[in-house]
Amino acid sequence: MELTTPIQGVKGVGAKTEQLFQKMGVYTIGDILLRFPREYTRFPAPVEISEAVAGKKQAVILRVEAPVIVKRTRSMQISIGSGTHQDTKMEFLWFHMPYIRNTLIKGQTFILYGSVQNKSGLLSMEQPVIYTPLQYEAVADSLQPVYGLTAGLTNNLYKKTLRRILDQKMLLPEYLPSETRNTYSLAEYNYAVSQIHFPKDFDTLAQARRRLVFDEFFLFILYMQLQKEQGQKIENIYHFREEDLIGPLLEKLPYQLTNAQLRVLDEIQKDLRRPQIMQRLIQGDVGSGKTIVAFFTMYLASANGYQSALMAPTEVLAAQHYETFEQYIRLFGIQTHLVLLTGSMTAKQKRRAYERLQLFSDAMVIGTHALFQERAVYDNLALVITDEQHRFGVRQRETFSLKGESPHILVMSATPIPRTLAIILYGDLDISVIDEVPAKRLPIKNCVVAAGWRPNAYAFIRKEIEAGHQAYVICPLVEASEHAEGENVIDYSEKLKQALPDGVTVAFLHGRMRADLKNNVMEAFAANEVQVLVSTTVVEVGVNVPNATVMMIEDAQRFGLAQLHQLRGRVGRGDAQSYCIMINTSDAKSSVKRLDVLNRTNDGFRIASEDLKLRGPGDFFGIRQSGDLQFQLADIYQDANVLQQAGEEVARILAMDRELALPEHAGLRRKAEEYFERQMERLNL
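Residues numbered from 1 in each chain as written. Predicted model: local features only at pLDDT ≥ 70, side-chain atom pairs only at ≥ 80, totals over all residues. Heavy atoms only, no water.

A.B. asks: I tried to follow the sheet that holds strand 21 (residues 548-553) on my own but got confused; where do I start?
C.D. replies: Taking strand neighbours across the sheet as the criterion, the 6 strands line up as 17-22-21-18-20-19 in an open arrangement whose pairing is parallel. With partners counted over all chains shown, the strands left at the sheet margins are strand 17 (445-450) and strand 19 (506-509), one partner each. Geometrically, the sheet is characterised by an average inter-axis angle of 20 degrees between neighbouring strands, direction not taken into account. Strand contacts of helix 20 (residues 589-600): strand 17 and strand 22 (579-584), with the helix running at about 160 degrees to strand 17, the strand carrying the most contacts. (Pairing = 2+ DSSP bridges. Helix = DSSP H or I, 4+ residues; strand = E, 2+ residues; numbered from the N terminus. Axes fitted to C-alpha atoms, helices over the stretch in contact; angles between N-to-C directions. Contact = heavy atoms within 4.5 Å.)

In structure tokens, the structure reads:
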């Protein structure tokens, strides 16, 4: 077998299973090797039934004293087993698994692993995994990988497929120079890939992960630096007049821009008149006023006779930007043309938008990824703005920029990255920071509470809804999972429907939903047709609902501080007082200490810096902390030291071999390009 061998070439993978793998972007043996676990589980020591505790995942010893009973209902078969220890009884239930009765043989002993529940005084487990004592002993002290899967593909089958591949001892080419590996004590590539899937212990997992995190940062930064070199050579062919076009408009605003907004606008205007094209990042905390800066920049292009385009991460946000820009155009009395282009528009609407792109050489265009599709042909594109950079890859930005003749590039991000890290991550861009919040914004009131405070939180949400407002509730999981503990979106939305009055509409949202369904839910929430939105972190970016005043985050200790701050930024966008309720379900003192940072400040940049200080090097299980830039493993906050090392090494290599022509660097450029091709494939771009 070769790395390019189709996944069906592995023993045990038939045509149907191959289709399931392909749904996840796994087509070849190389694909599955470089698709890493989402998290790991460590199995607990088995306990007797009498020692089991409701609400925990446990391994319970079952001595089978009676045959399994199979009950049939209209819609399913339920297999029911039971056991008793010291007068404590427990039931075990499996759905659609009648063969269980042939597995749990009377007189034998098994270990059953799953979540223990207390239903009307009777302990029970639903869908527990069955092990013989010997099988459980084999996994009890190991770290077991858990993968992101698609319906129909089990974690066990995924692991078996990987083991069969790794047993072939195929070698992935080592591309890092030996000097780099020695300087930073990095594991060999094949060892790292093997151990990230099936680690011997925590130390080898940490070692493997550190090597692969270094790789992700190193390749990303290398590519960015090569891009920057190209960008510095691109001539600015657009003529922007020296006169002050924005000043007269500022006088018509009903409020004053902050000094930070004015400073950034000045930097942009100077960029637009430089000999080389602008390539600038605007970092601005949630609510800092980046949108109006984008509007004024696009107006500058329009007033000078050029087209500009703003690409948003979701259709709902694109539509909201369009409405906001329409309001600005009316307020300022500007004569310009505004065009909206999104993927869900009808063929007739798209055709009309394409015609307007050809007709109006000064058009301000707003949309989603549809802006850079083949049929979108621009007449005079001089400026490209991408909103929320961490939802777009560099290659996307590059593809979009090709729609014009090397247009100016402006990137806006609300991710609060400390400047030292931003300089490394956005090496191809100049950086501006909007570090002030408009005076009219009321600070969000925060509280961190234990799980027992939930009824009070529900009562508070009900009160806010009665006042005409709306609420978000964030859960870490999409649905109940055998391998992960925590509240999940699907069950929690049902729980809230029971807890809130009948007139309150509750809807859920998660990343596995079809794009059109997600848009429908977000549009309904934006229109106040839905009062409570239960969601995963997919709402971190995507919709502006000024009427939402409550952000409630379940299992808050499982998220990074910067991500919690991003979520909190979904509220506090209107004139009403807003609130963030963080439910801490951990007893650990470290969780209390971390979450208290959010209690004390609403400053995203300060929070990001605190996150760097408080996160430990071994803290990488559970929820991803920063979803930006599409890294598989790397996290810009917890892995900040590795990020800095990777940045230093890229700088060292390029300083001595700018063209990567030395024999020891021959594979680096190719590897960086392969890495980005893989990223684009993974994101279906």
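There's plenty left to go through after this.
A.B. asks: Even after reading the chapter, I still don't get the sheet that holds strand 16 (residues 430-434), so can you show me in this structure?
C.D. replies: Backbone-to-backbone hydrogen bonds pair the strands of a sheet. The strands run either parallel or antiparallel. In space, the 7 strands of this open sheet follow the order 12-13-11-14-15-10-16, with parallel pairing throughout. Unpaired on one side and paired on the other, strand 12 (338-341) and strand 16 mark the two borders of the sheet. Ignoring which end each strand starts from, the neighbouring axes of this sheet average 20 degrees apart. Relative to strand 16, helix 10 (residues 259-272) is tilted by about 155 degrees, and along the sheet it contacts strand 10 (279-284), strand 15 (408-413) and strand 16. Relative to the sheet, helix 13 (residues 347-359) contacts strand 11 (307-311), strand 12 and strand 13 (364-367), its axis offset from that of strand 12 by approximately 140 degrees.

A.B. asks: Looking at this structure, how should I read the nonpolar core?
C.D. replies: One broad rule of soluble globular proteins: the nonpolar side chains tend to lie buried together. Among the nonpolar cores identified, the biggest contains 93 residues, and Phe21, Tyr158, Phe217, Phe218 and Leu222 are the most heavily contacted of them. Among the elements that make up this core, the one with the highest residue count is helix 8 (residues 202-231) (14 residues). If near-sequence neighbours (up to four positions away) are discounted, Leu222 is found in contact with Val650, Leu654, Leu660, Leu668 and Ala672. Ranked by size, the runner-up nonpolar core spans 42 residues in total, among them Leu245, Ile246, Leu257 and Leu338. (Core = buried A, V, L, I, M, F, W, Y, C linked by side-chain atoms within 4.5 Å. Buried < 20%, exposed > 50% of the residue type's maximum accessible area, 1.4 Å probe, protein only.)

A.B. asks: What exactly am I supposed to notice about the side chain of Gln645 here?
C.D. replies: Note that Gln645 resides in helix 22 (residues 640-656). Of note is the side chain of Gln645, whose polar atom sits 3.1 Å from the side chain of Arg210. Not counting chain neighbours up to four residues away, the residues in contact with Gln645 comprise Tyr184, Arg210 and Phe214. (Polar contact = N/O pair within 3.5 Å; in protein donor to acceptor, adjacent residues only side chain to side chain.)

A.B. asks: Help me understand the packing of helix 16 (residues 454-466) against helix 17 (residues 489-499), please; the structure alone is not making it clear to me.
C.D. replies: Between two packed helices, both the angle of their axes relative to each other and the distance between the axes serve to describe the pair. Their axes nearest at 11 Å, the elements helix 16 and helix 17 cross at an angle of 70 degrees. By the criterion of interaxial angle, the relationship of helix 16 to helix 17 is roughly perpendicular. Between helix 16 and helix 17 lies a crossing whose hand is right-handed. In this structure, helix 16 uses Arg454, Tyr458 and Arg462 to contact helix 17, whose residues at the interface are Tyr492, Lys495, Leu496 and Ala499. Looking at the contact of helix 16 with helix 17, its residues break down into 4 nonpolar, no polar and 3 charged. (Parallel < 35°, antiparallel > 145°, perpendicular 65-115°, else oblique. Left-handed = near helix turned anticlockwise from the far one by under 90°. Nonpolar A, V, L, I, M, F, W, Y, C, P; charged D, E, K, R; others polar.)

A.B. asks: Can you help me understand helix 5 (residues 155-166) in this one?
C.D. replies: What sets the pattern is the α-helix's 3.6 residues per turn: residues three or four places apart point alike. When the terminal C-alpha atoms of helix 5 are compared, their 17 Å separation across 12 residues agrees well with the 16 Å that a helix rising 1.5 Å per residue should span. Regarding helix 5, the residues found buried are Asn155, Tyr158, Lys159, Thr161, Leu162, Ile165 and Leu166. One side of helix 5 holds all its buried residues, which, seen down the axis, span an arc of 160 degrees. Tucked into the core, helix 5 has its buried residues touching helix 1 (15-23), helix 2 (29-33), strand 9 (143-146) and helix 7 (189-197). (Expected span 1.5 Å × (residues − 1). Arc of directions from axis to C-beta.)

A.B. asks: How do you make sense of the pairing of strand 15 when you look at a structure like this?
C.D. replies: Residues in a regular strand project their side chains so that they alternate between the two faces of the sheet. The buried fraction of strand 15 is high, at 6 of 6 residues. Neither face of strand 15 is left uncovered, since the one carrying His408, Leu410 and Met412 and the one carrying Ile409, Val411 and Ser413 both have all their residues buried. Note: strand 10 against strand 15, 5 bridges, orientation parallel. Within strand 15, the position partnered with Ile282 by the bridge is Met412.

A.B. asks: It is not clear to me how the environment of Gln144 should be interpreted in this structure. Could you clarify?
C.D. replies: Considering the arrangement of structural elements, one finds Gln144 in strand 9. Remark: the alpha-carbon pair of Gln144 and Arg42, spanning 102 residues in sequence, is separated by 6.4 Å. Residue contacts for Gln144: discarding those within four places in its chain leaves Glu39, Tyr40, Thr41, Phe43, Val139 and Lys159. A polar contact of 2.9 Å, which involves the side chain of Gln144, links it to the side chain of Lys159.

A.B. asks: Would you mind showing me how to read unusual backbone geometry here?
C.D. replies: Residue Asp87 is not a glycine yet carries a positive backbone phi of 70 degrees. Tracing the backbone through its elements, the reader meets Asp87 in the loop between strand 4 (77-85) and strand 5 (88-95). Of the residues examined, Asp87 reaches a relative accessible area of 79% and is grouped as exposed.

A.B. asks: Explain the pattern of salt bridges here, please?
C.D. replies: If you walk through the whole model with that rule in mind, you get 24 salt bridges. A salt bridge links Arg38 to Glu39; the shortest N-O distance between them is 3.2 Å. Taken together, the shared-partner salt bridges in this structure form one network comprising Glu267, Asp271, Arg274, Arg280 and Asp430. (Salt bridge = Lys/Arg side-chain N within 4 Å of Asp/Glu carboxyl O.)

A.B. asks: Could you clarify how one ought to interpret the environment of Leu340 in this entry?
C.D. replies: Tracing the backbone through its elements, the reader meets Leu340 in strand 12. In this structure Leu340 comes out as partly exposed when scored by relative accessible area, which is 22%. With 10 residues separating them in the primary sequence, Leu340 and Lys350 have C-alpha atoms 8.9 Å apart. With near-sequence residues (within four places) excluded, Leu340 lies in contact with Ala318, Ala319, Tyr322, Met345, Ala353 and Ile366.

A.B. asks: Quick question: what am I supposed to make of the packing of helix 12 (residues 315-332) against helix 18 (residues 515-526) here?
C.D. replies: Across the interface, helix 12 lies against helix 18 with an axial gap of 9 Å and an inter-helix angle of 40 degrees. Taken together, helix 12 and helix 18 sit at an angle that is classed as oblique. In contact with Glu315, Val316 and Gln320 of helix 12, helix 18 contributes Asn519, Met522, Glu523 and Ala526. Per-class residue counts for the contact of helix 12 with helix 18 are 3 nonpolar, 2 polar and 2 charged.

Distances and angles like these do not, on their own, reveal function.
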